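Secondary and tertiary structure notes
Here's the letter readout for the chains.
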Amino acid sequence: GQQVMQIPQYQHVQEGEDFTTYCNSSTTLSNIQWYKQRPGGHPVFLIQLVKSGEVKKQKRLTFQFGEAKKNSSLHITATQTTDVGTYFCAGRFQGAQKLVFGQGTRLTINP
Amino acid sequence: GAVVSQHPSWVICKSGTSVKIECRSLDFQATTMFWYRQFPKQSLMLMATSNEGSKATYEQGVEKDKFLINHASLTLSTLTVTSAHPEDSSFYICSARFSLTTGYFGPGTRLLVL
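Given the structure is predicted, the values throughout are model-derived calculations rather than measurements.

1. Details of the interface of chain A and chain B
In this complex, chain A contributes 18 residues to the contact, which on the side of chain B involves 23 residues. In this assembly, chain A packs against chain B so that about 1500 Å² is buried in total across both faces, 49% of it on carbon and sulfur atoms. Run the count over chain A and chain B and you get one salt bridge. Taken together, the links from chain A to chain B amount to five residue pairs in polar contact (both at pLDDT 80 or more). Looking at the side of chain A that touches chain B, the elements that each hand over two or more residues are β4 (29-37) and β9 (85-93) of chain A. For the side of chain A that touches chain B, the element with the most residues is β4(A), which contributes four residues. A class-by-class count of the residues in the side of chain A that touches chain B yields five nonpolar, 10 polar and three charged.

2. Section: the packing of aromatic side chains
Here the structure, examined in full by the defined rule, presents 12 aromatic pairs over all chains. A ring pair is formed by F67(B) and Y92(B), whose centres lie 6.4 Å apart and whose planes are at 40 degrees; its orientation type is tilted. On the criterion of sequence distance, the pair formed by F67(B) in strand β7 (residues 67-73) and Y92(B) in strand β9 (residues 90-97) is long-range, its members being 25 residues apart. In this structure, F67(B) and Y92(B) share a single accessibility class: buried. Here the aromatic cluster, defined as three or more aromatic residues joined through ring pairs, consists of Y35(A), F45(A), F88(A), F101(A), Y36(B) and F105(B). Cation over ring: K66(B) sits above F67(B), and NZ or CZ is 5.9 Å from the ring centre. Above the ring of F91(B), the side-chain terminus of R110(B) is found at 3.9 Å from the ring centroid.

Quick notes on the rules
Residues numbered from 1 in each chain as written. Chains lettered and ligands numbered in written order. Predicted model: local features only at pLDDT ≥ 70, side-chain atom pairs only at ≥ 80, totals over all residues. Heavy atoms only, no water. Contact = heavy atoms within 4.5 Å. Buried area = accessible area lost by both parts, 1.4 Å probe. Salt bridge = Lys/Arg side-chain N within 4 Å of Asp/Glu carboxyl O. Polar contact = N/O pair within 3.5 Å; in protein donor to acceptor, adjacent residues only side chain to side chain. Helix = DSSP H or I, 4+ residues; strand = E, 2+ residues; numbered from the N terminus. Nonpolar A, V, L, I, M, F, W, Y, C, P; charged D, E, K, R; others polar. Phe/Tyr/Trp six-rings, centres within 6.5 Å; stacked < 30°, edge-to-face > 60°. Buried < 20%, exposed > 50% of the residue type's maximum accessible area, 1.4 Å probe, protein only. Lys NZ or Arg CZ within 6 Å of the ring centre and 35° of its normal.

Dropping the structure here:
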């Protein structure tokens, strides 16, 4: 079936270090979304990428969508303790209306 | 922004009972709603797609007779877990489709079956 693979599963960093999570699909996506879920909370929408090669920034967060629309990444610069949580990518395959979630990357930070 | 609510936010029930979870889009009409389940430390798994006025489409491996979905109006979809068992304990989250490419998640319902 259509899957979205996300790595790493866990990432522990020192506060101030950078963090990156990657998502990859075997088939072309029509768009990809990124979510953040705090412990005990629900997923909160961060951003949607639609165009090939698209790059979007939100303060310290940089989101990229690959040229082939099969991979995406989320990069956080100079992490802060408020960045703690699990980051999910969710891809929508062409012709489909449902989102397929990646496994998520749990980010923990040492202050 | 668009708001989606879920009720109840958490529920504890005895094994064998049925539990109904409501998902409402508060400020927009949603012809399509999605129901997800999330087990601890795992990702969101789509259970079914709920379309207003028609039968829900279930994902492979999800029992339609156990997880009854009703989408009777453009702002409300319900998920009923029938004859719940401890293994059904999970975090159930709905998402209401706002546009062709955008949906909004509800806050989720935590179900614990004793």
